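Per-entry structural report
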Amino acid sequence: MNELANLFDAALLSSTMRFATPLLLAALGGLICERAGIFNIALEGLMLTGAFAAVAGSYYAGVLGGVGAAVVAGAALAALYAGFVVGLRSDEIVVGIALNLLASGLTVFLLRALFGVKGAFQDPRIEGLGSVRLPLIEAIPIVGPLLSGHSWLVYAALMLVAIVWVVLFHHPLGLRLRGVGEQPDAAATLGVNTRRVQAAALIVSGMLCGLAGAQLSLGSVTLFVEGMSAGRGWIAVVAVLLGRAHPVGVAVACLVFGFTDSLGFRLQGRDIPSQLTEMLPYVVTLIGLAIINSRRAQQKGLQP
Amino acid sequence: MVATSSEAPALELRGIVKRFPGVLANDHIDLAVAPGEIRALLGENGAGKTTLMRVLYGLYPPDDGEILLDGKAQRFRSPTDAIHAGIGMVHQHFMLFPSLTVAENVVYGREPQRWGLLDRTAAARQVAELAERYGLQVDPAARVADLPVGSRQRVEILKTLYRDARVLILDEPTAVLTPQERQGLFQILRELASQGKTVIFITHKLQEVMDLADHATVLRGGMVEATVAVADSSPEALCRHMVGRDLLPQLAKVPQATGESLLAVNNLVVLDNTGRRIVDQVSFEVRAGEIVGLAGVAGNGQSELVAAIAGLRSPAAGRILLNQDDVTATSIAARRQAGLAYIPEDRNRVGLALAASVADNLILTGRHNPTLTQRGVLSQAGIERYTTDLVERFDIKIASVREAVDHLSGGNRQKVVTARELAQEPLVLIAEQPTQGVDVGAAESIHHNLLAVRDQGRAVLLSSAESSEILALCDRILVMFEGRIVGELLAEELANDPAAEATIGLLAAGGEV
Ligand SMILES: Nc1ncnc2c1ncn2[C@@H]1O[C@H](COP(=O)(O)OP(=O)(O)OP(=O)(O)O)[C@@H](O)[C@H]1O
Ligand SMILES: [Mg+2]
């Protein structure tokens, strides 16, 4: 009993938020693309690029420079993606996988070229995002530790959920975006430039993935490690599907993943082998995929 | 050709030329339509009607020629330009967003705003006002996915009116409508014309031209064959302009003895996505040498019933017997193997692989045909021979069998599906709207083919929104209403009954006879 209480303490909730935030930011990007009719499978690479750019930017120009660099780098890579997928009508899966590979190679290369290190880069000059304390809320049990004491990007991510929801369902842009995703021909005959809408959706998702990367490398730690996105982009892709590309659904999915992440982290150092605890988020992801699939089969009502 | 009215034309096309690789789709077309006029555009499949209208709507740049609106030359680089100039188009295949509401569909791209956000209240109000003014009944708050075809079409018309269209183009607007819906549409179009709008509509049904249009322009091989005042013309004369010959007088349907049951459905229940019984305890059989018709207003379960028989949907209860074998739980492949063929209603999504070639589409269901393979590998020469033969037999107008299906005109796509399924020499043929969008000549030949299947002692289940088609072909007619069969009529009893169509219509609307 005591053991359990120990496990589920306030710190667990707090770290849930920390783990969920990069997922959430990337998944919001994926959601926007999904609604525009593009399956963005490059979230992983975009996030990794953002994480590197954030560290590099912070090293040279302080924390705001870092966040700015992450956003710009994410947008630039996403623009490349858009050039292929929207401009040249290439297959989004193939190009997306290529971009993921490019991002992992490029960050390793730049790590060498700019900082002359291999594996990881840590330096006192890298400025972290720091944490924001919410004076009144802090005192409330459960909610206090859940909400207070995070980097400002965590709060930005929560606000972005609301913003994405408003734009998607209550702004003309959102209506156009959803229309382009559902029936591009219909949108085109009404004079909406579908390519521009899709390209914009991709670039915005690149920016959001950039922020996700910044949270990863400047949020609770201040360093860059090769491949530090560690599959989180893929989990974000699953969250988009699981949350049916709805901001609230996606946010819930990300919080669940964030929770298992932090639980796995917490279980380390106990009697359970760390290989098992580290598996936890991915096992939950697999379960999520199974849910998505069975739901699809049901919807179609097809014979096997 | 002169403008057919004393007034200056609202719309004038001069010498429009449009080429596709290997095809001259529009060959110096001239057309002038007066304000307030309803103009019918006729022609065989592939004559260039849709292409001409797409040029007018800014979807294809013309290779030559001029478009004038109220005497002013226009240059349309995109539909946006055409919309701005006051042209609206209702496409052959609807261009709607099913998951959005009627109001959202209408205002899409030109949304009313308040405080920078989408103003749904204003959108609904504006749409309701427009609907009121032109007599179009539709609920602005309904989701398009939940609407029947007739209402969807009204949404399409509202879209053009919302954008202040003065010239309204409708490409085969009646192809998917029930007789009641068609009358509703005609009412609306007459109302629009009386308010000064110019209406151009494409159709293959000559009676509609006689009922609705002021003038008719017939295209043939990409050229204007004739423009006639409808009052001075007749369906026969229009037909001669279209196909260059007279139609065969009557289908020769000789009564014949029916054999054993080839298709039987027992107490079939099919649920829709919300769990409602969309097909409710339906039982019937189709015997050898018989064409059984499935009539009714769209949305009363016919499509779902047919989908269940074809194997596209699992029934919740009941049995399906094919040639006396229970196939309820078997796969589509097994049913086809047992002699089932299916001409689906939605040729674009169910019937065809649009990006694939005509040849590939034609052999999709014939891969067991020994002439197509050589030592287990597809033989190109065999395929070429087999498909070229089908193309000729069914008069499919294409440049080559290697052409992608999505370059084909609507009617020629329908012919590809029909040819493929008939080539199976099926024991049981399910034909769903088999002549939608095909020209009179081709519809005639498809009808002959269906009768041939029957006369060879096999069975046909024909689902059609056209009462006249059902009456002309079927031996027995089942009328569906709210998922049930509410009436069974025998062709012999209906023959020469002038009220036959009305009887079907009454039953289909849930009435008693
Ligand atoms: N995008 C395209 N690419 C190549 N060829 C095309 C394309 N669109 C149409 N065509 C060809 O142009 C000709 C005219 O086609 P169009 O669609 O205008 O015919 P239609 O008169 O509308 O026929 P239907 O009554 O069958 O709808 C056809 O031979 C068709 O194959
Ligand atoms: Mg056409």
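Note: the structure precedes this text.
In this report, the structure presented in the accompanying data block is examined. Nothing here was measured: the structure is a model prediction, and the numbers come from that model. (Residues numbered from 1 in each chain as written. Chains lettered and ligands numbered in written order. Predicted model: local features only at pLDDT ≥ 70, side-chain atom pairs only at ≥ 80, totals over all residues. Heavy atoms only, no water.)

Some thoughts on the pattern of salt bridges
Residue and element names in this part refer to chain B.
- One pass over the structure, following the stated rule, counts 30 salt bridges over all chains.
- For Glu37, the salt bridge is made with Arg39, and the minimal N-O distance between the two is 2.9 Å. In this structure, Glu37 and Arg39 share a single accessibility class: buried.
- Ionic contacts of the salt-bridge type, sharing partners, join the residues Arg182, Lys205, Glu208 and Glu466 into one network. (Salt bridge = Lys/Arg side-chain N within 4 Å of Asp/Glu carboxyl O. Buried < 20%, exposed > 50% of the residue type's maximum accessible area, 1.4 Å probe, protein only.)

Re the site of ligand 1
Residue and element names in this part refer to chain B.
- Around ligand 1, a shell composed of 19 residues is seen, among which Lys49, Thr50, Thr51, Ser409 and Gly411 lie nearest.
- At 2.6 Å, a side-chain N or O of Thr50 approaches an oxygen atom of ligand 1.
- Note that an oxygen atom of ligand 1 is positioned 2.5 Å from one of the side-chain N or O atoms of Thr51.
- Considering ligand 1 on its own, with 640 Å² of exposed area, one finds that the protein chains cover 90% of that surface.
- Elements represented by at least two residues in the shell around ligand 1 include exactly strand 2 (23-33), helix 1 (49-56) and helix 14 (410-422).
- Element by element, the count of residues in the shell around ligand 1 is highest for helix 1, at 3 residues. (Near = heavy atom within 4 Å. Polar contact = N/O pair within 3.5 Å; in protein donor to acceptor, adjacent residues only side chain to side chain. Areas by Shrake-Rupley, 256 points an atom, 1.4 Å probe, with all protein chains shown as cover. Helix = DSSP H or I, 4+ residues; strand = E, 2+ residues; numbered from the N terminus.)

Points about the sheet that holds strand 23 (residues 476-481) of chain B
Residue and element names in this part refer to chain B.
- Spatial ordering of the open sheet is given by 18-21-22-15-23-24, a layout of 6 strands whose pairing is mixed. Edge positions in the sheet fall to strand 18 (340-343) and strand 24 (484-490), since each of these pairs with one other strand and no more. Averaged over all neighbouring strand pairs, the angle between strand axes comes to 15°, with direction disregarded.
- Bridge count between strand 21 (residues 428-432) and strand 22 (residues 459-463): 5 bridges; the pairing is parallel. Paired with Ala431 across the strands is Leu462, a residue of strand 22.
- Taken strand by strand, helix 9 (residues 302-310) contacts strand 15 (290-295), strand 18, strand 21, strand 22 and strand 23, and its axis lies near 150° from that of strand 21.
- Where helix 14 meets the sheet, it contacts strand 18 and strand 21, and its direction lies at approximately 175° from that of strand 18. (Pairing = 2+ DSSP bridges. Axes fitted to C-alpha atoms, helices over the stretch in contact; angles between N-to-C directions. Contact = heavy atoms within 4.5 Å.)

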